[in-house]
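# Commentary on secondary and tertiary structure
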Amino acid sequence: MRFDTVVRSGTVVTATDTFAADVGISGGRVSAIAARLPIENAGKVLDAAGRLVMPGGIDVHTHLDMPFGGTTSADDFETGTIAAAFGGTTTLIDFAIQYKGQSLRQAFDTWMKKAEGKAVADYAFHCIITDLGSAQLEEMGQLVREGVSSFKLFMAYPGVFMLDDASIFRAMGQAAKHGGLICMHAENGGAIDVIVQRALAEGKRAPKYHALTRPTTAEGEATARAIALAEMAGAPVYIVHLSCNEALEKVREARDRGLPAYAETCPQYLFLSIENFDVPGFEGAKYVFTPPLREKWHQEKLWQGLARDTLQVVSTDHCPFCFKEQKELGKDDFTKIPNGGPGIEHRLSLVYTGGVHGGHFSPNRFVELVSTAPARLFGLYPRKGTLAVGSDADIVVFDPDREETISARTHHMRVDYSMFEGIRVKGVPRTVLSRGQVIIDGGKFLGRRGAGQFLRRQTYAGV
Ligand code: URP
Ligand code: ZN
Ligand code: ZN
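A few points on the structure. It should be emphasised that the depicted structure is a prediction, and the values quoted were computed from it without experimental measurement.

Counting its regular elements, the chain contains twelve helices and 19 strands. At 21 Å, the chain has a C-alpha radius of gyration in line with the 23 Å of a compact globule built from 463 residues. Counting only C-alpha atoms and orienting by the principal axes, one finds that the chain spans roughly 75 × 50 × 40 Å. The buried share among the 463 residues of the chain stands at 62%. For the chain, the computed accessible surface area is about 16,400 Å², with 49% contributed by carbon and sulfur atoms.

Take the packing of helix α11 (residues 347-357) against helix α12 (residues 363-377) next. It is at 10 Å that the axes of α11 and α12 come closest, and there the two elements cross at 145 degrees. The two elements α11 and α12 meet at a crossing, and its hand is right-handed. Contacts between α11 and α12 involve R347, L348, V351, Y352 and V356 from the first element and P363, F366 and V370 from the second. Taken together, the residues of the contact of α11 with α12 sort by class into seven nonpolar, no polar and one charged.

Okay, the coordination of the zinc ion (ligand 3) next. Protein-derived ligands of the zinc ion (ligand 3) are H61 (NE2), H63 (NE2) and D317 (OD), with the metal-ligand distances lying across 2.0 to 2.1 Å. Here the zinc ion (ligand 3) binds four donor atoms, and the angle range of 88 to 130 degrees at the metal identifies the geometry as tetrahedral. Each donor residue of the zinc ion (ligand 3) lies on the same chain, and together they follow the pattern H-x1-H-x253-D. The metal-metal distance between the zinc ion (ligand 3) and the zinc ion (ligand 2) comes to 4.0 Å. Placement of the pair is H63 in the loop between β6 (57-62) and β7 (67-68) and D317 in the loop between β15 (313-314) and α11, with a sequence separation of 254 residues. Taken as a pair, H63 and D317 share a single burial class, namely buried.

Throughout the structure, instances matching the rule amount to 21 aromatic pairs. With a centroid separation of 5.6 Å and 50 degrees between ring planes, the pair formed by F108 and F454 is classed as tilted. With F108 in helix α2 (residues 104-115) and F454 in the segment after β19 (444-445), this pair connects stretches of sequence that are 346 residues apart. A residue is classified by how much of its surface remains accessible, and F108, at 6% relative accessible area, is buried. We classify F454 as partly exposed; its relative accessible area is 21%. Ring plane angle 90 degrees and centroid distance 5.0 Å describe the contact between Y352 and F366, whose orientation is recorded as edge-to-face. Here Y352 is found in helix α11, whereas its partner F366 is found in helix α12, with 14 residues between them in sequence. Classification of Y352 as buried rests on a relative accessible area of 4%. On the accessibility criterion, F366 (0% relative accessible area) is buried. Against the face of F95 rests K152, its NZ or CZ located 5.3 Å from the ring centre. Taking the ring centre of Y381 as reference, the NZ or CZ of R376 above it sits at 4.1 Å.

A separate point is the environment of P382. By the secondary structure assignment, P382 is in the loop between α12 and β16 (395-405). With a relative accessible area of 46%, P382 lands in the partly exposed category. Sequence separation between P382 and M66 is 316 residues, and the spatial gap between their C-alpha atoms is 29 Å.

Another point: the nonpolar core. Counting 115 residues, the largest nonpolar core has M140, M172, M184 and F366 as the members making the most contacts within it. At seven residues, helix α7 (residues 216-233) tops the list of elements feeding residues into this core. For M184, the residues in contact, after removing those within four places along its chain, are L153, M155, I168, M172, A226, V237, Y238, I239 and V240. Counting 17 residues, the second-largest nonpolar core is a separate cluster that includes V60, I93, A124 and V313.

Bringing the coordination of the zinc ion (ligand 2) into the picture now. Each protein donor to the zinc ion (ligand 2) is listed here as K152 (NZ), H185 (ND1) and H241 (NE2); together their distances run 2.1 to 2.2 Å. When the donor residues of the zinc ion (ligand 2) are listed from N- to C-terminus, their spacing reads K-x32-H-x55-H.

Our next topic: the packing of helix α4 (residues 165-178) against α7. Relative to each other, α4 and α7 sit at 50 degrees, their axes nearing to 9 Å. As summarised for this structure, α4 and α7 are arranged oblique, according to the angle between their axes. Crossing handedness for the pair α4 and α7: right-handed. Contacts between α4 and α7 involve D165, I168, F169, M172, G173 and A176 on the former and, on the latter, R225, A226, L229, A230, M232 and A233.

Turning to the sheet that holds strand β12 (residues 181-185), a few remarks are in order. Reading across from one edge, β6-β9-β10-β11-β12-β13-β14-β15 is the order of the eight strands in this open sheet, with parallel pairing throughout. One side of each edge strand has no neighbouring strand; the edge strands of this open sheet are β6 and β15. As defined by bridge partners, strand β14 (residues 261-265) adjoins β15 across two bridges and the pair is classed as parallel. Bridging across to β15, E264 finds its partner in V313. Lying on the sheet, α4 is in contact with β11 (150-154), β12 and β13 (237-239); it crosses β12 at an angle near 150 degrees. Lying on the sheet, α12 is in contact with β6, β12, β13, β14 and β15; it crosses β6 at an angle near 65 degrees.

Our focus in this paragraph is the side chain of D76. Secondary-structure assignment places D76 in the loop between β8 (71-72) and α1 (77-86). Accessibility expressed as a relative area gives 10% for D76, which makes it buried. Residues in contact with D76, not counting those within four places in the same chain, are L64, D65, T81, K118 and R414.

Among the 14 residues in the neighbourhood of ligand 1, the closest are listed as K152, H185, T290, D317 and N339. H63 is positioned with one of its side-chain polar atoms (N or O) 3.2 Å from an oxygen atom of ligand 1. Here T290 contributes a backbone N or O atom positioned 2.8 Å from an oxygen atom of ligand 1. Contact with the protein chains covers 99% of the free accessible surface of ligand 1, which is 260 Å². Within the shell around ligand 1, the residues separate by chemical class into five nonpolar, seven polar and two charged.

Criteria and thresholds
Residues numbered from 1 in each chain as written. Chains lettered and ligands numbered in written order. Predicted model: local features only at pLDDT ≥ 70, side-chain atom pairs only at ≥ 80, totals over all residues. Heavy atoms only, no water. Helix = DSSP H or I, 4+ residues; strand = E, 2+ residues; numbered from the N terminus. Rg over C-alpha atoms; globule rule 2.2 N^0.38 Å. Buried < 20%, exposed > 50% of the residue type's maximum accessible area, 1.4 Å probe, protein only. Areas by Shrake-Rupley, 256 points an atom, 1.4 Å probe, with all protein chains shown as cover. Axes fitted to C-alpha atoms, helices over the stretch in contact; angles between N-to-C directions. Left-handed = near helix turned anticlockwise from the far one by under 90°. Contact = heavy atoms within 4.5 Å. Nonpolar A, V, L, I, M, F, W, Y, C, P; charged D, E, K, R; others polar. Donors = N, O, S within 2.8 Å, 3.2 Å for Na, K, Ca; no water. Tetrahedral: all angles 85-135°; square planar, octahedral: opposite > 155°, others 65-115°. Phe/Tyr/Trp six-rings, centres within 6.5 Å; stacked < 30°, edge-to-face > 60°. Lys NZ or Arg CZ within 6 Å of the ring centre and 35° of its normal. Core = buried A, V, L, I, M, F, W, Y, C linked by side-chain atoms within 4.5 Å. Parallel < 35°, antiparallel > 145°, perpendicular 65-115°, else oblique. Pairing = 2+ DSSP bridges. Near = heavy atom within 4 Å. Polar contact = N/O pair within 3.5 Å; in protein donor to acceptor, adjacent residues only side chain to side chain.

Below, the structure written as structure tokens:
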């Protein structure tokens, strides 16, 4: 038996099992997993003694090279996938945006061009629908068949992205018919806009008012409405970037009733809070994203939600804007600060630190949250999301005891600040493989621009 690469003497961790094993790789795929594999003829041997060997992370919520808020997110598909790889993420699902008057195909083609020849690791797309006429409704099935099997809809950002309830309901029915999954940005955009206008009229213009004008009730209400619409349409629904207990409770109630309702949260809601706005001057703009940061007590509820499977996924909602020149667009008016924060690089380390070392869940649940459940929900499993014979050899060799401090001085995202500056993490990726190729080793990027492939995803199959 000859292997291109053997990952030797590590502890393999999947969503269900933990065991000592060697992992053999041939032709970019896992070809053997056994207590001891022959290494005499192996092309390469990677020593993983004392380390965890896990499936590569899957980040199902990123915005690379995205025009938004009068500017464009700072990472493109090259810099974004490199930063992701440093953090152990080997697959991402980004969003192709359909603007008003466009076909869904135009959105898909535009984002395929943005990624092609640039991504260093594999990628797929959800399609954001902002204008749903009968033609776009028809197109949904075609997109699902081409591997774009999920759609993001917005209940917020009126006049930009927001869809009315009738359109949402129609889209859900169509998604259900074709095996698609609706991802919902659940905030009551209409009510929020009224609160925002009142704040501006009162001269409240600082960054913290972005958070103070988007109450948790607006997220709870929209989450409940999204679930109710999905129930009526007979469709599954996936709530994106869930940030607060009110919304969590709505998902819990739906799941208790057996509905196919799912949700993700993001590291910013687990580690940061409204207190981050207590910084001098305009610095709070670094934390302007949507939904906003909440009071600190929500964090523990979210960790519990992850442990109890009310939440199935941790994604990043990576949407980076530099503080200089980009966030500064809103220096005199919080509504002009481009919404979004950088996080693609530190998801695994943060979730391992808070989740596993913090005593909330096991390493297996960690793998499930950052890799396996995302793969299952979004039609990538078992090619991605696990370590099994036949799976792509997307592998993270992870040191669970190594400590590092997150800082913009050392990160690889193309952005001039870190939301997590100064946070100490315990547990970091050391070696990362994408389809059998070592792309990160010992702090160095060894991959190749353009090596990432577009992934045609399967239809939603439930979890
Ligand atoms: O502030 C955020 N989250 N920006 C990205 C767009 C979105 O709503 O996910
Ligand atoms: Zn959103
Ligand atoms: Zn987003």
